[in-house]
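Here is how the chains run, residue by residue.
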Amino acid sequence: MALQKLSPTVIEGLTQIPLLKDLPADLIASILNVAQRRAVEEGSAFFFQGDPAEKVYVLLEGRVKLFQLTPDGQQVLLRVIGPWSLFGAIALAHGEFYPVTAQTAQNSTALYWPVSVLMGFINKSPQLAMNALQIMAGHVQEFQDRFRELATERVERRLARAILRLTSQTGKKVPEGILLNLPITRQDLAEMTGTTLYTVSRILSQWESQGLIQSGREKIIICFPHGLVNIAEDLPARQT
Amino acid sequence: MTDYSFTPETSVNDLVQKWPQVIPVFIQFHMACVGCSMSAFETLEDAANIYAIDPQLFMQRLEEAIRESSPAV
């Protein structure tokens, strides 16, 4: 695609994107010169999960949802991207197939390069390679954070809710706090909250070290009920 | 004569059960106590401390809410 078909505003925007950051102007011009443009209507897709990963895209306008489908057809939204975002970058890392579907949430336009073309530039420019690496490292970081939330915070809430529910039904006030007056094992709690014994033990130990609870064999005392309610209900942080 | 007797040791749940008209006071102080499963175990003093509210002021507001909504005696 000829560079002159891109408006000056778009070219200005593209020189700011992380992929092209700190590159010499002539290299940016060459890269943009061979870019191709593709418009996709709302609700259609740039590519589908499982398609051969042959192109790398930069969104110019619109909004794109990246999601995966589970084998039983459930859709898992991984991220939603806006203008100037890179997507399909897995193609650069020898990904054979796209691991996600890139479906448009609005009418969208993107620039794209066949991976072989972009690889040609990367081979000549360590800075371009470094930019691509930084973008992917950013994605890894983001998904590590998401993973931690899924793996810990949500189970914490489920566990806090289960304990509060049991306590409100059977709790008994004792000098140290509220005794969960029921012989309940960590395995019971794990099954109630859809997690593992190991996770329940780890979270209970953490709460114990924070002074929220005291726990022993088949025994839990809630020392700071409000703290547990905070976790269970995700109460807004208090303004003091 | 209406019995206004409640103390800082009264549980949040007992108070709210007996005098539902105090509920707006909890809401004004941005307290999540109303409907909370732990309110049976927390005293009014506990609740004030948790939310860093002056216990005297809190007790006073609760008392006012009950008096204002009760028929004159």
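Quick question: what am I supposed to make of the overall build of chain B here?
Scanning chain B from N- to C-terminus turns up four helices and zero strands. Secondary structure of chain B in N-to-C order comes out as α-α-α-α. Taking all contacts inside chain B whose residues are at least 6 apart in sequence as the whole, residues at least 24 apart take part in 61%. Accessible area for chain B stands at about 4100 Å²; split by element, carbon and sulfur atoms hold 53% of it.

Explain the overall build of chain A here, please?
Across its full length, chain A holds seven helices and 12 strands. The principal-axis extents of the C-alpha atoms in chain A amount to approximately 75 × 40 × 30 Å. Among the 240 residues that make up chain A, the fraction classed as buried is 40%. Of the contacts formed within chain A by residues at least 6 apart in sequence, a portion of 70% connects residues at least 24 apart. Working note: accessible area of chain A is about 13100 Å², and carbon and sulfur atoms make up 53% of it. Across chain A, the mean location of the 23 positive side-chain charges is 4 Å away from that of the 22 negative side-chain charges.

Honestly, the sheet that holds strand β1 (residues 36-40) of chain A in this entry has me stumped. Any pointers?
As a general point, the strands of a sheet are linked pairwise by backbone hydrogen bonds and lie either parallel or antiparallel. Residue and element names in this part refer to chain A. The four strands are arranged β1-β8-β3-β6 in an open sheet whose pairing can be described as antiparallel. The open sheet has two edge strands with one neighbour each: β1 and β6 (86-87). Examined bridge by bridge, strand β3 (residues 55-61) and strand β8 (residues 108-114) share six bridges and lie antiparallel to one another. Looking across to β8, one finds that Y57 is bridged to Y112.

Looking at this structure, I do not really get the nonpolar core. What am I missing?
As a rule of thumb, nonpolar side chains are buried together in soluble globular proteins. Core analysis: the largest hydrophobic core is formed by 43 residues, its most contacted members being L20(A), I31(A), F46(A) and F87(A). Counting residues per element, this core draws most heavily on β3(A), at five residues. Apart from the residues within four sequence positions on either side, F87(A) is in contact with F46(A), F47(A), V56(A), Y57(A), V58(A), L59(A), L66(A), I81(A), A102(A) and A110(A). Counting residues in each nonpolar core, the second largest holds 26 residues, with A190(A), I203(A), L228(A) and C36(B) among its members.

So what exactly am I meant to see when it comes to the domain arrangement of chain A here?
Where interface size is given, it is often the accessible area lost as the parts come together that is meant. Under the domain assignment used here, chain A contains domain 1 (3-124) and domain 2 (153-233). Computed over C-alpha atoms only, the centres of domain 1 of chain A and domain 2 of chain A are separated by 46 Å.

Got a minute to help me understand the interface of chain B and chain A in this structure?
Between chain B and chain A, the contact holds 11 residues from the first and 15 residues from the second. When the two sides are added together, the surface that chain B and chain A hide from each other amounts to roughly 1000 Å², 73% of it contributed by carbon and sulfur. Contact with chain A buries area across many residues of chain B, yet M38(B), F41(B) and I50(B) alone supply 58% of it, more than any other trio. For the pair chain B and chain A, the number of links is one salt bridge. K173(A) is the partner of D46(B) in a salt bridge, and the nearest nitrogen-oxygen pair spans 4.0 Å. Between the two partners, chain B and chain A, sit one residue pair in polar contact (both at pLDDT 80 or more).

Is there a simple way to explain the pattern of salt bridges in this structure?
Oppositely charged side chains can form a pair if their charged atoms are brought close together. All names here are of chain B. Evaluated as defined, the whole model comprises three salt bridges over all chains. Between R67 and E63 there is a salt bridge, and its shortest N-O distance comes to 3.4 Å. Of the two residues, R67 and E63 are both situated in helix α4 (residues 55-69); the distance of four residues between them amounts to about one turn of the helix. Classification of R67 by relative accessible area gives partly exposed; the value is 44%.

Quick question: what am I supposed to make of the environment of K21(A) here?
Residues and elements named next belong to chain A. Residue position: K21 is located in the loop between α1 (8-15) and α2 (25-33). Here the alpha-carbon distance between K21 and R157, two residues 136 residues apart in the chain, equals 41 Å. In contact with K21, not counting residues within four places along its chain, are Q127, N131 and Q134.

What am I meant to see in the pairing of strand β11 (residues 213-216) of chain A here?
On a regular strand, each side chain points to the face opposite its neighbour's, so the side chains alternate between the two faces of the sheet. Residue alternation in β11(A) divides its side chains into a buried set, I213(A) and S215(A), and an unburied set, Q214(A) and G216(A). Connecting β11(A) to the antiparallel partner strand β12 (residues 219-222) of chain A that follows it, the hairpin turn spans two residues, and E218(A) within it adopts a positive phi of roughly 50°.

Just checking my understanding: could you explain the sheet that holds strand β5 (residues 75-81) of chain A for this structure?
Residues and elements named next belong to chain A. Taken together, four strands build an open sheet; the order of strands is β2-β7-β4-β5 and the sheet is antiparallel. The open sheet has two edge strands, β2 (45-47) and β5, and neither has a second partner. Direction aside, the axes of adjacent strands within the sheet are offset by 30° on average. Sheet analysis places β2 next to strand β7 (residues 101-104), joined by two bridges and oriented antiparallel.

Explain helix α3 (residues 115-124) of chain A here, please?
Because the α-helix completes a turn every 3.6 residues, residues three or four places apart line up on one side. All names here are of chain A. Those residues of α3 that fall on the buried side of the exposure criterion are V115, L118, F121 and I122. For α3, the angular spread of buried residues about the axis comes to 125°, placing them on one side. The exposed set on the far side of α3, more than 90 degrees from its buried face, consists of S116, N123 and K124.

Procedures and definitions
- Residues numbered from 1 in each chain as written.
- Chains lettered and ligands numbered in written order.
- Predicted model: local features only at pLDDT ≥ 70, side-chain atom pairs only at ≥ 80, totals over all residues.
- Heavy atoms only, no water.
- Helix = DSSP H or I, 4+ residues; strand = E, 2+ residues; numbered from the N terminus.
- Contact = heavy atoms within 4.5 Å.
- Areas by Shrake-Rupley, 256 points an atom, 1.4 Å probe, with all protein chains shown as cover.
- Buried < 20%, exposed > 50% of the residue type's maximum accessible area, 1.4 Å probe, protein only.
- Lys, Arg positive; Asp, Glu negative; His and termini not counted.
- Charge placed at Lys NZ, Arg CZ, Asp CG, Glu CD.
- Pairing = 2+ DSSP bridges.
- Core = buried A, V, L, I, M, F, W, Y, C linked by side-chain atoms within 4.5 Å.
- Domains from an automatic or database assignment.
- Buried area = accessible area lost by both parts, 1.4 Å probe.
- Salt bridge = Lys/Arg side-chain N within 4 Å of Asp/Glu carboxyl O.
- Polar contact = N/O pair within 3.5 Å; in protein donor to acceptor, adjacent residues only side chain to side chain.
- Axes fitted to C-alpha atoms, helices over the stretch in contact; angles between N-to-C directions.
- Arc of directions from axis to C-beta.

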